[in-house]
Amino acid sequence: MSKPKILIARAVFPEVVARLEEYFEVESNQADETWSKAELAARLRDKAGAFTTGGDRIDAGVLAVCPGLKICANMAVGYNNFDLDAMTAAGVLATNAPDVLTETTADFGFALMMATARRITESEHYLRAGQWTKWRYDMFSGSDIHGATLGILGMGRIGQGIAKRGALGFGMKVIYHNRSRLDAALEAECQASYVSKEELLKTADHLVLVLPYSPASHHAIGAAELALMKPTATLVNIARGGIVDDAALAAALKDKRIAAAGLDVFEGEPLVHPDLLDVPNVVLTPHIASATIPTRLAMANLAADNLIAFFTGKKPLTPLNPAVLAIK
Ligand code: DGY
């Protein structure tokens, strides 16, 4: 019997490609070429499954020309590259890769917050540029992490991981805002108190964004929200570009309306708003919050597990629109 055809849309670990080749006829983009949406759609046209990453957009336009497509397995916990309604309407299963990246991403969120608050990259640039000629009592003084108020917007698994690191490791007071409040046991475990979004913005010394992107969270942090923050506060975005209005943030950083920011994700990435590149009080990283080899391998294997389970008649591990399975 012939194997189902799948497309691996981006370069991925060779051992994961080899694993998938045991089950599928695989077309893979190991050259990691940048495909236009039309090219992605053309390559998917004769495929039954797709292994995608967060940059591969699957929407009604793509689905319309891929009638044989049955499943798209994202190697990311975020899935705003999927038009889930369109996929459900077309009977295409969507899966993501949650849990396996939680602790790694929480580590990174914490690292980015510390680098931002303690001005680590800014001071390194100064040193590398040969500008360090003498020590001064106030050079690159930042703000403390220990004992400060940590604000978390979006209290899913990664937000909870950051809360625990702050409360248990650094004696921070943790406040959070989320669409729904955590139950009392989970709040106690995270040592976190629920507050309104406005109170979060006004009170946090360090605010970390970990909420999923959707039209509802577009520009959840814009000029009005930045104006509520303390001038000494820092802002970290490890969630998705588009949650922060990057132009408004660059202006707030330039005018020192907040002290500093740390950004791992950007509107329109890999392009970065030019004004952000011009301000010194921002730490910029290229969407690497989950980037350790064991974690990225676990994410890739989870996406592969979902494809294999689906085509071998088992229940995929992390379906996003399980109603599609019920229909089949
Ligand atoms: C995720 O898993 O959503 C990360 O942002 C990597 O894309």
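As a starting point, this report considers the structure included with it. Residue positions are given per chain, counting from 1 as you read along its sequence in written order. Restriction of local features to residues with pLDDT of at least 70 applies here, the model being predicted, together with a cutoff of 80 or more for giving and counting side-chain atom pairs; totals for whole chains, interfaces and linings are based on all residues. Hydrogens and water molecules were not included; the side-chain quantities draw on all heavy atoms of the structure.

### Observations regarding the nonpolar core
Here is the rule: Residues belong to one nonpolar core when they are buried, are Ala, Val, Leu, Ile, Met, Phe, Trp, Tyr or Cys, and are joined through side-chain atoms within 4.5 Å. Each residue is placed in one exposure class: buried if its accessible area under a 1.4 Å probe, protein chains only, is under 20% of its type's maximum, exposed if it is over 50%, and partly exposed if it falls in between. Under the DSSP-based scheme used, a helix requires at least four consecutive residues in state H or I and a strand at least two consecutive residues in state E, with every element numbered from the N terminus.
Counting residues in hydrophobic clusters, the biggest one holds 30 residues, and the most contacted among them are Leu 209, Leu 226, Leu 235 and Leu 249. Looking at this core, the elements with two or more residues in it are helix H9 (197-203), strand S9 (206-209), helix H11 (246-254) and strand S11 (260-263). Ranked by residue count, the leading element in this core is H11, at five residues. Within the second largest apolar cluster, 28 residues are counted, among which are Ala 148, Ala 167, Val 208 and Val 236.

### Notes on the site of the ligand
Selection rule: The near set for a molecule or strand comprises every residue that places at least one heavy atom within 4 Å of it. Polar contacts here mean pairs of N or O atoms no more than 3.5 Å apart (in protein, one a potential hydrogen donor and the other a potential acceptor; neighbouring residues in sequence count only if both atoms are side-chain atoms). The Shrake-Rupley method, run with a 1.4 Å probe, gives the accessible areas here. Residue values count only the displayed protein chains as cover. When residues are sorted by character, Ala, Val, Leu, Ile, Met, Phe, Trp, Tyr, Cys and Pro go into the nonpolar class, Asp, Glu, Lys and Arg into the charged class, and all the rest, Gly among them, into the polar class.
Taken together, Ala 76, Val 77, Gly 78, Leu 101, Arg 240, His 287 and Met 299 make up the full set of residues near the ligand. Within the contact set of the ligand, an oxygen atom lies 2.8 Å away from a backbone nitrogen or oxygen of Gly 78. Within the side chain of His 287, a nitrogen or oxygen atom sits 2.7 Å from an oxygen atom of the ligand. Compared with its free state, where it exposes 230 Å², the ligand has 85% of that area covered by protein. Split by residue class, the shell around the ligand holds four nonpolar, two polar and one charged.

### Thoughts on the pairing of S11
The following threshold applies: Crossovers are marked right-handed if the path from the first strand over the helix to the second runs clockwise, as seen with the strands pointing away from the viewer. Paired strands are those between which DSSP finds at least two bridges.
Burial of the side chains of S11 extends over both faces: Ala 260 and Gly 262 are buried on one face and Ala 261 and Leu 263 on the other. With H11 bridging strand S10 (residues 234-237) and its parallel neighbour S11, the resulting β-α-β unit is right-handed. Sheet topology places S11 next to strand S12 (residues 282-284); three bridges connect them, and they run parallel. Across the sheet, the residue bridging to Gly 262 is Val 283, located in S12.

### Examining the sheet that holds strand S7 (residues 173-177)
For sheets, the rule is that strands pair by backbone hydrogen bonds, running either parallel or antiparallel. Filter applied, for reference: Angles here are taken between N-to-C directions and fall from 0 to 180 degrees, while the axes themselves are lines fitted to C-alpha atoms, restricted in helices to the stretch in contact. Note on contacts: a residue pair qualifies if any of its non-hydrogen atoms lie within 4.5 Å across the two residues.
With parallel pairing, seven strands are arranged side by side in an open sheet as S8-S7-S6-S9-S10-S11-S12. Every interior strand has two partners, whereas the edge strands, strand S8 (192-194) and S12, have only one. Averaged over all neighbouring strand pairs, the angle between strand axes comes to 20°, with direction disregarded. Here helix H5 (residues 102-117) sits on the sheet and contacts strand S6 (149-153), S9, S10, S11 and S12; the angle it forms with S10, its principal contact strand, is near 145°.

### Notes on the pattern of salt bridges
Using the following cut-off: Whenever Lys or Arg places a side-chain nitrogen within 4 Å of a carboxyl oxygen from Asp or Glu, that contact is recorded as a salt bridge.
Counted by the stated rule, this structure contains 20 salt bridges. Arg 128 is the salt-bridge partner of Glu 124, the closest N and O atoms lying 2.6 Å from each other. Of the two residues, Glu 124 and Arg 128 both sit in helix H6 (residues 120-128), four residues apart, roughly one turn of that helix. By relative accessible area, Glu 124 is classed as partly exposed at 35%. Across the salt bridge formed by Arg 181 and Glu 187, the nearest N and O atoms sit 2.8 Å from each other. On the basis of relative accessibility, which here comes to 52%, the residue Arg 181 falls in the exposed class. Residue class for Glu 187 comes out buried when judged on its relative accessible area of 11%.

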